[in-house]
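# A closer look at the structure
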Amino acid sequence: MSSDAVQVSSLPLPPMQYVSQYTDEMIRRGRAPKPPPPIQDTYHMFGNTFNTEESIIRPLESQGIKRLYPQHFDRRRELKKLNLSLLANFLDLLDLLVNCPDSPKRTEKVDDLSLLFIHIHHLLNEFRPHQARETLRVMMELQKRQRIETTNRFQKHLDKVKEILQQAVRDLPEPMDLDSKIMADVDLITKHDKMDDSNSNCDPCDIRDRIMCSIVDNM
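All values reported here derive from a predicted model rather than from experimental measurement. (Residues numbered from 1 in each chain as written. Predicted model: local features only at pLDDT ≥ 70, side-chain atom pairs only at ≥ 80, totals over all residues. Heavy atoms only, no water.)

## Some remarks on the nonpolar core
The condition is simple: Only buried Ala, Val, Leu, Ile, Met, Phe, Trp, Tyr and Cys residues count toward a nonpolar core, and they belong to the same one when joined by side-chain atoms within 4.5 Å. We call a residue buried when its accessible area falls under 20% of the maximum for its residue type, exposed when it is over 50%, and partly exposed in between, using a 1.4 Å probe and counting protein chains only. The way it works is that DSSP assigns letters per residue, a run of H or I at least four long becomes a helix, a run of E at least two long becomes a strand, and they are numbered from the N terminus. Only heavy atoms matter for contacts: two residues are in contact if any of them lie within 4.5 Å across the pair.
In terms of nonpolar packing, the biggest core is built from 11 residues, these being Leu60, Ile65, Tyr69, Leu79, Leu82, Leu86, Leu93, Leu113, Leu116, Ile120 and Leu123. Put simply, the parts of the chain that give this core at least two residues each are α3 (75–99) and α4 (105–125). Not counting the four nearest positions on each side in its chain, Leu79 is found in contact with Ile120, Leu123, Leu124 and Phe127.

## Some remarks on the pairing of strand β1 (residues 42–45)
Where we set the bar: Here the rule is simple: two strands pair whenever DSSP picks up at least two bridges between them.
When β1 meets strand β2 (residues 48–51), the two strands line up antiparallel, connected through four bridges. Of the residues in β2, the one forming a bridge with Tyr43 is Phe50. Counting the residues between successive antiparallel strands, the hairpin from β1 to β2 contains two residues, one of them, Phe46, with a positive phi of roughly 55°.

## Brief notes about the pattern of salt bridges
The test is simple: A side-chain nitrogen of Lys or Arg and a carboxyl oxygen of Asp or Glu constitute a salt bridge if their distance falls within 4 Å.
Inspection of the entire model under this criterion finds seven salt bridges. When the shortest N-O distance is used, the salt bridge between Arg137 and Glu141 registers 2.8 Å. Of this pair, Arg137 and Glu141 are both found in helix α5 (residues 128–171), four residues apart, which corresponds to roughly one turn of the helix. Arg137 gets classed as partly exposed once you look at its relative accessible area, which sits at 39%.

## Quick look at the packing of α3 against α4
Put simply, the rule is: Fitting a line to C-alpha atoms yields each axis, with helices limited to the stretch in contact; the angle taken between N-to-C directions then spans 0 to 180 degrees. Oblique is the label for any angle not covered by the other classes, which are roughly parallel (under 35 degrees), roughly antiparallel (over 145) and roughly perpendicular (65 to 115). The crossing is said to be left-handed when, going from far helix to near helix, the turn is anticlockwise and less than a right angle, and right-handed when the turn is clockwise.
The N-to-C vectors of α3 and α4 enclose an angle of 160°; their axes lie 9 Å apart at closest approach. Overall, the two elements α3 and α4 adopt an arrangement that is roughly antiparallel. Seen along the crossing, α3 lies across α4 with a hand that is left-handed. Side by side, α3 and α4 meet where Arg75, Glu78, Leu79, Leu82, Ser85, Leu86, Asn89, Phe90, Asp92, Leu93, Leu96 and Leu97 of the first sit next to Lys105, Arg106, Lys109, Val110, Asp112, Leu113, Leu116, Phe117, His119, Ile120, Leu123 and Leu124 of the second.

What follows is the structure, given as structure tokens:
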């Protein structure tokens, strides 16, 4: 083997080999590798050649595979027909293996089964865009339902807070009643202070503190 030969893996490198090249120190020094440029024409993946201009799901003819169903067809009906054909060919292959295992038709039946499997997979892959749209629709409906439920919960809490505030406003005393209560409390405290002055010359509680405590107690 030549010393200049380079081994090329058909699979991408492990992720940690990429992560180790994009550390904070590597990025700060400007030594992190730049992202690869976008592919323009063709590229190779898993031993096959792909063109960027082709559709995601390539037609069977572009892959060199004979089409078993017409251009315009019902996918559900064709899948059922392919499934029945697959079962019939599998039974024919079993019959050949039992009665005539050396028959060359055995290879033909294996090729027929492979072709049927390819067509079934191709029809299923053509449903992928529809599956992606339906998955996105279900996700958006779920997000919409969650947001509506969250909005309803917030609205219920808001209504409850409004009700509590309205009840608190209704429970507040009228201004005249409050003034009369305050004056009555002041008179009561003044009388009480005069009585206390006759018993004690030093009182640590101020008259204004007593008035405020009485107002809070009445509320």
